[in-house]
Amino acid sequence: MSKPDVKTDEKKQHFDDIYVAENPVPFKERILDALEYVSDNFNRQTFDRLVLPWAQQKADTAGILNFVDLAGCFGNTTMATLNGMDYDAIRNNWRSPEAAASVDQPRRFPAHVTGIDISANALAYGKSAGIYDETIEADLNKPAPETRPELDKALQQADILISTAALIYLEPPAIEKILDAFASKNEEGYMLVNFLNPFALEKADATKRMLLERFEFVGSMASRHRRLSELERENYPGEDWALLEIWVLRRKG
Ligand SMILES: C[S@@+](CC[C@H](N)C(=O)[O-])C[C@H]1O[C@@H](n2cnc3c(N)ncnc32)[C@H](O)[C@@H]1O
């Protein structure tokens with residue numbers, strides 16, 4: 001399989017080969033385990049505090065919510081936020097290809113989940129395991145013209161859009177298009193995003209400004225993300241952990 005054209009901060013470790021593996025076991029062993037990638041505990045905590053009560057109430061009236069995981073890879077943050085799984089539960093679920101074949105915990109509210117990523121293998125896994133209902137394979141920095149309408153539709157119709165440890169890979173014009181599509185629906189909706197520290201801080205600042213131009217700020221928290229790799233510790237002397245700022249924003253109805 002050819003290597004996707006993934007862009008990342010040059011001081012940040014590249015994990016591209018893991019994202020295109022056929023199952024999430026290398027992601028579990030080399031990222032979740034080896035780097036103590038605990039961020040989904042905090043994505044879940046923030047989701048539960050700021051989005052889940054609204055989502056469960058909305059599901060009572062609407063029946064089903066459109067949930068989009070943008071650059072979701074194998075779907076770990078969907079498992080955390082929608083299925084309510086913590087770091088250890090996800091690691092246990094992904095301990096072997098056989099164990100990873102289905103999700104251990106049910107969804108906490110009815111949802112139609114669209115997984116979007118550049119990695120065809122990660123999406124195929126997410127769909128076969130029942131994490132995603134539908135997938136869109138796209139290089140979000142330059143989606144193929146035939147993919148654009150499908151992408152825009154999924155983003156427009158999303159009630160909940162999550163994008164974690166992901167915006168760092170995207171160019172500002174691509175982020176603007178994504179945010180404009182999500183913002184275009186005149187109905188209450190929520191977005192959970194996070195920003196990594198210490199990587200690409202100016203880019204994160206620009207992304208925050210784009211978000212604040214379009215959406216209402218709801219709340220945030222700071223947390224550990226994962227340990228820095230050896231390469232990253234050389235690039236950022238004296239630091240051991242990558243940290244996260246997790247933000248929730250509201251699309252106004
Ligand atoms: C660190 S993983 C994020 C996984 C999950 N959201 C999390 O927080 O752990 C980053 C994902 O971004 C995807 N990605 C990177 N560049 C992309 C691009 N240009 N278009 C779409 N997806 C991209 C990778 O394939 C990978 O699955």
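Asker: I would appreciate a short explanation of the overall build of the chain in the present structure.
Answerer: Scanning the chain for helices and strands turns up 11 helices and seven strands. Against the 2.2 N^0.38 benchmark of 18 Å for 253 residues, the chain shows a C-alpha radius of gyration of 17 Å, consistent with a compact globule. The principal-axis extents of the C-alpha atoms in the chain amount to approximately 50 × 40 × 40 Å. Across the 253 residues in the chain, those meeting the buried criterion constitute 53%. Contacts spanning at least 24 positions in sequence make up 73% of the contacts within the chain whose residues lie at least 6 apart. Accessible surface, the chain as shown: approximately 10800 Å² in total, 47% of it carbon and sulfur. Of the charged side chains in the chain, 30 are positive and 41 negative; the average position of the first set lies 3 Å away from that of the second.

Asker: Hey, could you run me through the side chain of His-225 in this one?
Answerer: Position of His-225 relative to the elements: it lies in strand S6 (residues 216-227). Polar contacts involving the side chain of His-225 include one to the side chain of Ser-39, which spans 3.2 Å. Once residues within four sequence positions are removed from consideration, His-225 is found in contact with Glu-36, Tyr-37, Val-38, Ser-39, Ala-165, Leu-196, Trp-241, Ala-242, Leu-243 and Leu-244.

Asker: How do you make sense of the packing of aromatic side chains when you look at a structure like this?
Answerer: Within a pair of aromatic rings, the relevant descriptors are the distance that separates the centres and the angle that separates the planes. Applying the stated rule across the entire model yields 15 aromatic pairs. Both rings, one in Phe-74 and one in Trp-94, keep their centres 6.3 Å apart while their planes meet at 75°; by these two values the pair is edge-to-face. One end of the pair, Phe-74, is in the loop between strand S1 (65-70) and helix H5 (76-81); the other, Trp-94, is in the loop between helix H6 (87-93) and strand S2 (111-117), and 20 residues separate them in sequence. Look at Phe-195 and Trp-247: their rings are 5.4 Å apart centre to centre, the planes differ by 75°, and that puts the pair in the edge-to-face class. Within this pair, whereas Phe-195 is found in strand S5 (residues 189-197), its partner Trp-247 is found in strand S7 (residues 241-251), the two being separated by 52 residues in sequence. Of the two residues, Phe-195 and Trp-247, neither departs from the other in class, the shared state being buried. Taken together, Tyr-19, Phe-27, Tyr-37, Phe-74, Trp-94, Tyr-125 and Tyr-169 form an aromatic cluster joined through their ring pairs. For Lys-208, the ring lying beneath its charged end belongs to Phe-195, and the centroid distance is 5.0 Å.

Definitions and cut-offs
- Residues numbered from 1 in each chain as written.
- Predicted model: local features only at pLDDT ≥ 70, side-chain atom pairs only at ≥ 80, totals over all residues.
- Heavy atoms only, no water.
- Helix = DSSP H or I, 4+ residues; strand = E, 2+ residues; numbered from the N terminus.
- Rg over C-alpha atoms; globule rule 2.2 N^0.38 Å.
- Buried < 20%, exposed > 50% of the residue type's maximum accessible area, 1.4 Å probe, protein only.
- Contact = heavy atoms within 4.5 Å.
- Areas by Shrake-Rupley, 256 points an atom, 1.4 Å probe, with all protein chains shown as cover.
- Lys, Arg positive; Asp, Glu negative; His and termini not counted.
- Charge placed at Lys NZ, Arg CZ, Asp CG, Glu CD.
- Polar contact = N/O pair within 3.5 Å; in protein donor to acceptor, adjacent residues only side chain to side chain.
- Phe/Tyr/Trp six-rings, centres within 6.5 Å; stacked < 30°, edge-to-face > 60°.
- Lys NZ or Arg CZ within 6 Å of the ring centre and 35° of its normal.

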